[in-house]
Amino acid sequence: MRQLSFEELHPEFGVRIRSVDVGKPLAPDLVAGIRAAVDRYSFVCFPGQTMDDERQLALTRQLGQPEPSHTSVGKVEYFGTIGNVQKDGTVLGNSHKKTVFLTGNNMWHSDASFKPVPAFLSVMCAYETPAEGGITMFVSLRAAYERLSPERKAELEPLIAIHDYVHSRSKVAPDAVSPELAASLPPVRQRLVRTNPATGAKNLFLGSHVREIEGMSVAAGRALIDALTDEAVRPEHIYHHAWQPGDVVLWDNRCLLHAGSGYDADRHRRYMRQTRVSGACSSLDEAA
């Protein structure tokens, strides 16, 4: 089995891997090594890649089952564009509705946690990146869980959180979610504490899509969610990823939160393409 060489990105999580061309078909042992790196480090960056949509989808399929986009109601679409550059090369400014909608990504979140089967991996390929801004911040909810006292862990272990896409996107604009899209994404129940099936490591499962805690008053649930999130995203726990063209990044949505830092879409171009790998099951069906 090929031995991968890792460069640490943050003391709590994240590595960079060089000398691997992920745009080409990968040998099974290399795929296994990458998946093991995801289980261990949660965030894996491959810099200096030459990619396109076809290669990205092929990579995604090697890592698991591609997840259809939740915003494409009635059709199967695997890609999402992160940025303001459109297919025809035109650029959307700060005031365009699509740009405003994407500011929802500036809240701490886990991709697709609002689905009955939440997403496993996000796969992001960077093509054009702004000269200023556009950094994405990441934190480990595994490290956040490990910092809790045994008593706090026992208190949180049985709790169920309600994840609601409409709840989070309504913070961007009251009409951010169409009635058709809202109907396709009803609120779902997820464990507040998840377990990695490969390693047994536990982590919190939080983010902007969490609306409330089942069985608690709205006020008490929000207080708990906010307190856990605030502690998790303290500055010393954040890894800031400054995107470069050619970056291919995999991150584990089961145990990471991420948030955009914003950029001036009137002055800069940004074009990144995202796919996701589907999760195996509902968090409710995972081993505790």
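On a predicted model such as this, the values are computed, not experimentally measured, just so you know. (Residues numbered from 1 in each chain as written. Predicted model: local features only at pLDDT ≥ 70, side-chain atom pairs only at ≥ 80, totals over all residues. Heavy atoms only, no water.)

A. Representation of the layout of surface pockets. Roughly 310 Å³ of internal volume is contained in the second largest pocket. Phe120, Pro197, Arg254, Gly279 and Ala280 are, among the 20 residues lining the second largest pocket, the residues nearest its centre. Among the elements of the structure, α1 (28-41) and β9 (193-195) are those that each provide at least two residues to the lining of the second largest pocket. (1 Å grid on protein atoms, 1.4 Å probe; cavity = no way out; pocket = protein on both sides within 12 Å on 5 of 7 lines; lining within 4 Å. Points joined across faces, edges and corners; volume = space filled by probe spheres on them. Helix = DSSP H or I, 4+ residues; strand = E, 2+ residues; numbered from the N terminus.)

B. Inspection of the pattern of salt bridges at higher detail. According to the stated counting rule, one finds 21 salt bridges in the structure shown. The shortest N-O distance in the salt bridge between Arg269 and Glu128 comes to 2.6 Å. You can see Arg269 sitting in the loop between β14 (256-260) and β15 (271-277) and its partner Glu128 sitting in strand β5 (residues 121-128), a full 141 residues away along the chain. Judged by its relative accessible area of 36%, Arg269 falls in the partly exposed class. As a salt-bridge pair, Glu214 and Arg189 come within 2.7 Å of each other at their nearest N and O atoms. With a gap of 25 residues between them, Glu214 in the loop between β11 (210-213) and α8 (218-232) and Arg189 in strand β8 (residues 188-191) connect regions that are remote in the sequence. The class of Glu214 is partly exposed, set by a relative accessible area of 35%. Of the residues examined, Arg189 reaches a relative accessible area of 39% and is grouped as partly exposed. Several salt bridges share partner residues, and in doing so they unite Glu12, Arg147, Glu231, Arg234 and Glu236 into one network. (Salt bridge = Lys/Arg side-chain N within 4 Å of Asp/Glu carboxyl O. Buried < 20%, exposed > 50% of the residue type's maximum accessible area, 1.4 Å probe, protein only.)

C. Summary view of α8. An ideal rise of 1.5 Å per residue puts 21 Å on 15 residues; α8 measures up with 21 Å between its terminal C-alpha atoms. Every buried residue of α8 is accounted for by Gly221, Leu224, Ile225, Leu228, Thr229 and Ala232. One side of α8 carries all its buried residues, which in axial view fall inside an arc of 120°. Residues of α8 that are exposed and angled more than 90 degrees away from the buried face: Ala219 and Asp230. Along its buried surface, α8 packs onto β6 (136-140), α4 (141-146), α5 (150-156), β10 (202-204) and β11. (Expected span 1.5 Å × (residues − 1). Arc of directions from axis to C-beta. Contact = heavy atoms within 4.5 Å.)

D. Representation of empty space enclosed by the protein in the model. Applying the stated rule across the entire model yields one cavity of 30 Å³ or more. By volume, the largest cavity amounts to about 40 Å³. Every residue along the wall of the largest cavity is listed here: Arg194, Thr195, Asn196, Pro197, Asn203, Asp252, Arg254, Cys255 and Glu286. Looking at the lining of the largest cavity residue by residue, the classes come out as two nonpolar, three polar and four charged. (Nonpolar A, V, L, I, M, F, W, Y, C, P; charged D, E, K, R; others polar.)

E. Main features of the environment of Val218. Looking at the secondary structure, you find Val218 in helix α8. In this structure Val218 comes out as exposed when scored by relative accessible area, which is 54%. Residues Val218 and Ile82, spaced 136 residues apart in sequence, show a C-alpha to C-alpha distance of 33 Å.

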